[in-house]
Amino acid sequence: MCGIAGVVSADRPDPCLVRRMCDVLAHRGPDGEGFHEDAHAALGMRRLAIVDVPGGGQPVYNEDRTVVAVFNGEIYNFPALRRELRGRGHRLATNGDTECLVHLYEELGDDLVHRLRGMFAFAIWDARRRRLLLGRDRMGKKPLYWRTEGGTLWFASELKALTRDPAIRREVDPVALHHYLTYQYVPAPWSILRGVHKLSPGHLLSWQDGVAVTTRYWRVDCTPREVTSEEEAAEEIRVRLLDATRVRMVSERPLGALLSGGIDSSAVVAAMARHSAGPVKTFSVGFDDESLDERRYARMLARHYGTDHHEMVVTSSALEVLPALSWHYNEPFADSSSIPTFHLARMTGEQVTVVLNGDGGDELFGGYLRYLLMARAGRVPGLTFLRGPLDRAGSALAARGAPRSALQRAGRAIGLLGHPASRRYARLMSSFTSEQKTALYSGPLRASLADVDSHGLLDDAFAASRAGSVLGRVMDVDLNTYLPGDLLVKMDTATMANSLEARSPFLDHHLVEWAAGLPPRLKVRSGTTKYLLKKAVAPWLPPGLVTRPKMGFGVPLARWLRTDLADLSWDVLTDRTARSRGLFRPEAVRGLLRRHAGGHDHAGRIWALLQFELWCRVFLDPPVPGIDHDLASRP
C-alpha cells in the first residue's frame, strides 16, 4: 500500500511526538519514503514508484523550502505543466509529477487543482502562512481521511494509519453504520469511526490557525445538450478514449490491462493496442459458476488483438483472504466482488506494476440493467397510496428468486411502484431497507438513529443533478455516490494492497465532462444499454462482444453462504463477541441466517453483517491469535 499521511497543530508540538507520528502514519521504510518536519507540521508518504523511479522521492519543496507537498496518485499532464513552470522561472529538481504541485501552488494557490489531469490525494504545507491544503481528485480515485480536534488536524490515505495514534478513539459512528448497511459501503464524508471523516471527491480542505474548512471545486454537469449526429458523437468517443488511454500508458514500470470481457475493458484494451508497439498484457478472472464466468469473452478479445493473456479461476477457497480484506479496506466493505478483484490484483501484480481498466463506462454511457428498469418505471407514476402492499409483495417475490433472475427483477420492479423516482432508485441500491434495519437494530441503536434517513443521501444527489430526465439523474447520482463510494474503493484498495496501480481512461475528467452531457436517448434506447458507446467501439471489437448480454462482476455469494461459508457466518454473527456489541438483535440475525438457509435470498444482507463483524474483530477488538495484522498488510 502507498499513500500520504501527516499531522499539523496550531500549537507548537513536541518535536519527538511529530517525528514519531510521522513515522507511524507514513509506514516509514526504504521504498522512496520520507517526511517533512517543521515547528507546526509533519508530512510523510509511502511511494509506489511509477514515474521518475530513481528521483521522485517525497516530500517535495519549492526553491526556498517554504512550500512542501506529499502526493498519492498520478498527474498525467505533468510534462506540459513542467514546461510551463520552467518557462515562468521555476527550478525543478526532479523529473516527476509531484514537484509540479508546489510550484503550481505558488502560482495559483488553491486553484492549482483546476490544472491537474489525473488521480490524486495531496497535502501542501505553506510554512509562511502556517496553512495546510488537502485535495482529492475529481472522481474520487484516491482516498483521504482526516480528523481535527483541539487545534490539531490528522490526515492519511488509510484509516488504519490514523488509528495508530492513541489520541484517536476507535468508536463506531452509528450514522456511518446506518448508511453502510443500506449501501454496502460507508459514503463520504462519513467514516466508520466517530470523529474521522473522508474528504469527498472533488473537494479541498484548508486548515489554518486550528480551523478546517472544506470546499467543493468540481462537480460534473449532466445538463443534456443536443448532438448533431450519432456518427460524429461516436467518433468523438473514440478520439477522447484514445487520448485518455494514451496519457495513462506513460510508465517506467511494466504495464497491462484488466480485461473482464465486457464492453468497457475491451474498449480500453483495444485503445491500448493502438498505442502499443507490442502485445498488451491482459489479465482476467473467472468462476466455477458458468452463469458468472466471462472468460470466454475476454479470450475472444485477447485473440482478436493477440494480447499476452493470463487468467485465473476464483473458487470458495478464495475466501481465505477475508481477514486480510478487512485489514486492507480500512472500513466495512460489503461488495462481494472485492474477493475476485483482490485475487486478480494479486495475480496481475506479479507481472506488471500499472494496469488500465474500464471503470466508469457504465455510469457514463448507461450500462447497468437497473437503468433500463428505472427508465421503464419512470413511465408509471408513484402509487404512494399502495406503497405498503407493493413493498411487501415485491420483497416476498424478489426473495424467492435467484440472483439476477426474472422473478427477482419482477419483485424489485413491483416494490418500486409505490415510491417517487429518487426513492425507487434508493430501494434498488439498498442492501437493507429502512424497515429491515429497524427490525435488526437493538433498542438503543434504533432510538439513536430514529431521525436518520439513509435514503436522504440519494434524495439530495437527485436534487443536485442538472440532468433533464429521471434516467439522466440516476446516472449523475451514480457518478457521485456508487462509483466513488464502492467501485473505486474496491479497485484502488485491491491494487494498492498488491503494489499495483490502476488507471481508468473512462474517468479522465475531459471525457467525463463531455459524456455527461450526452442525451440519455444515446445511452439507453429501446431496451439497449450503452447504445452510443457500443456504436463507437463496434469497429474495434469482435461482433460477439458488442451484442453479448451484460453479466456484471458477481460471485456465487448466495450459494457460498449456504455451503462453504454457512458455518463461518453462523459462528461469527451469533457468538458471544458479536452479541456483546449490543448493536443488533440476536434473534433478528439468526432469523436472517435461517431464512437464507431455507432458500430465500438474504446473501447481501448477511454479507454486510459479516464484513462489519470481521472489521470489528480486526480493528476494534484485542488482537486475535492467528491473525497477524502486520503480515495481513503486505501483498
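Summarised in this report is the structure supplied together with it. Only a predicted model underlies this, so the values are computations on that prediction, with no experimental measurement involved. Residue numbers restart at each chain and count upward from 1, following the sequence in its written direction. For a predicted model such as this one, the threshold for reporting local features is a pLDDT of at least 70, and the threshold for listing and counting side-chain atom pairs is 80 or more; totals across whole chains, interfaces and linings nevertheless cover every residue. Side-chain numbers come from the whole structure's heavy atoms, not from hydrogens or water.

### Description of the overall build of the protein
Note the threshold: Only runs of H or I of at least four residues qualify as helices and only runs of E of at least two qualify as strands under DSSP, and these elements are numbered from the N terminus. Remark: exposure states derive from per-residue accessible area (1.4 Å probe, protein chains only) relative to the maximum for the residue type, with buried under 20%, exposed over 50%, and partly exposed in between. Note on contacts: a residue pair qualifies if any of its non-hydrogen atoms lie within 4.5 Å across the two residues. Note on areas: these come from Shrake-Rupley sampling with a 1.4 Å probe, and a residue is covered only by the protein chains present in the view.
Helices and strands together make up the secondary structure of the protein, namely 29 helices and 19 strands. Within the protein, the fraction of its 635 residues that count as buried is 60%. Of the contacts made within the protein by residues no fewer than 6 positions apart, 73% connect residues no fewer than 24 positions apart. In the form shown here, the protein has an accessible surface area of approximately 24,300 Å², with 52% of it arising from carbon and sulfur atoms.

### Digging into the packing of aromatic side chains
We apply this condition: Two aromatic rings, drawn from Phe, Tyr or Trp (for Trp, its six-membered ring), form a pair once their centres lie within 6.5 Å of each other, and the interplanar angle then sorts them: stacked below 30 degrees, edge-to-face above 60, tilted otherwise. Charge over a ring is defined by NZ of Lys or CZ of Arg lying within 6 Å of the ring centre and within 35 degrees of the ring normal.
Scanning the entire structure with this criterion turns up 13 aromatic pairs. Taking 6.4 Å as the distance between ring centres and 20 degrees as the angle between the ring planes, the aromatic pair formed by Y441 and F584 counts as stacked. Separated by 143 residues along the polypeptide, Y441 in the loop between α16 (434-440) and α17 (443-448) and F584 in the loop between α26 (576-579) and α27 (586-597) bring together distant segments of the chain. Residue classification places F584 among the buried residues on the basis of a relative accessible area of 17%. An angle of 70 degrees between the planes, with centres 6.0 Å apart, marks the rings of F584 and F612 as edge-to-face. Placement of F584 in the loop between α26 and α27 and of F612 in helix α28 (residues 603-619) is noted, with a sequence separation of 28 residues between them. Residue F584 shares its accessibility class with F612, and that shared class is buried. Aromatic rings pair up to connect W327, Y441, F584, F612, W615 and F619 into one cluster. The ring centre of Y61 lies 3.7 Å from the NZ or CZ of R65, which sits over that ring. Over the ring of Y531 we find R525; its NZ or CZ atom is 4.1 Å from the centre of that ring.

### Quick word on a positive patch on the surface
Keep this limit in mind: Grouping into patches uses exposed residues only, defined as over 30% relative accessible area, and leaves out salt-bridged ones; the cut-off is 9 Å for like charges and 5 Å for nonpolar side chains (Val, Leu, Ile, Met, Phe, Trp, Tyr). Here, a salt bridge means any side-chain nitrogen of Lys or Arg that lies within 4 Å of a carboxyl oxygen of Asp or Glu. As used throughout, the charge tally considers Lys and Arg to be positive and Asp and Glu to be negative, leaving His and the chain termini uncounted. Charge positions come from single atoms, namely NZ of Lys, CZ of Arg, CG of Asp or CD of Glu.
Positive charge collects at one region of the surface, where R576, R579, R590, R594 and R595 lie side by side. Elements represented by at least two residues in the positive patch include exactly α26 and α27. At 3 residues, α27 tops the list of elements feeding residues into the positive patch. Locating R594 in the fold gives a position in helix α27.

### A short note on the sheet that holds strand β16 (residues 354-356)
Using the following cut-off: A strand pair is defined by DSSP finding two or more bridges across the two strands. Every axis in this analysis is a line fitted to C-alpha atoms, fitted for helices over the stretch in contact. Angles between the N-to-C directions lie between 0 and 180 degrees.
Taking strand neighbours across the sheet as the criterion, the 5 strands line up as β15-β14-β13-β16-β17 in an open arrangement whose pairing is parallel. Each edge of the open sheet is held by one strand with a lone partner, namely β15 (308-314) and β17 (501-503). Each strand of the sheet is rotated relative to its neighbour by a mean of 30 degrees, with strand direction disregarded. Note: β16 against β17, 3 bridges, orientation parallel. From the neighbouring strand, V355 faces β17, where its bridge partner is A502. Running at roughly 155 degrees to strand β13 (residues 255-258), helix α7 (residues 263-275) makes contact with β13, β14 (281-287) and β16 of the sheet.

### A word on the nonpolar core
What counts is decided by this rule: Residues enter a nonpolar core if they are buried and are Ala, Val, Leu, Ile, Met, Phe, Trp, Tyr or Cys, with the set joined through side-chain atoms within 4.5 Å.
Core analysis: the biggest nonpolar cluster contains 168 residues, and F122, L177, L181, I192, Y425, F584 and F612 have the highest contact counts within it. Top element by residues in this core is α28. It accounts for 12 residues. Residue contacts for L181: discarding those within four places in its chain leaves S431, F432, K437, L440, Y441, F584, A608 and L609. Counting residues in each nonpolar core, the second largest holds 18 residues, with V68, W125, L134 and L153 among its members.

### Examining the side chain of N330
Note the following rule: Whenever a nitrogen or oxygen atom comes within 3.5 Å of another N or O atom, the pair is scored as a polar contact, on the condition that within protein one atom can donate a hydrogen and the other can accept it, and that pairs from neighbouring residues in sequence are kept only if both atoms are in side chains.
Counting through the fold element by element, N330 comes out in the loop between α9 (322-329) and α10 (338-349). Among the polar contacts made by the side chain of N330, one reaches the main-chain amide nitrogen of K160 at a distance of 3.1 Å. If sequence neighbours within four positions are ignored, N330 has contacts with Y145, E158, L159, K160, W615 and F619.

### Points about the pattern of salt bridges
Counted according to the given criterion, the structure contains 38 salt bridges. Residue E230 is joined to R525 by a salt bridge in which the shortest nitrogen-to-oxygen separation is 2.9 Å. With a gap of 295 residues between them, E230 in helix α6 (residues 230-247) and R525 in strand β18 (residues 524-525) connect regions that are remote in the sequence. Its relative accessible area of 19% is what places E230 among the buried residues.

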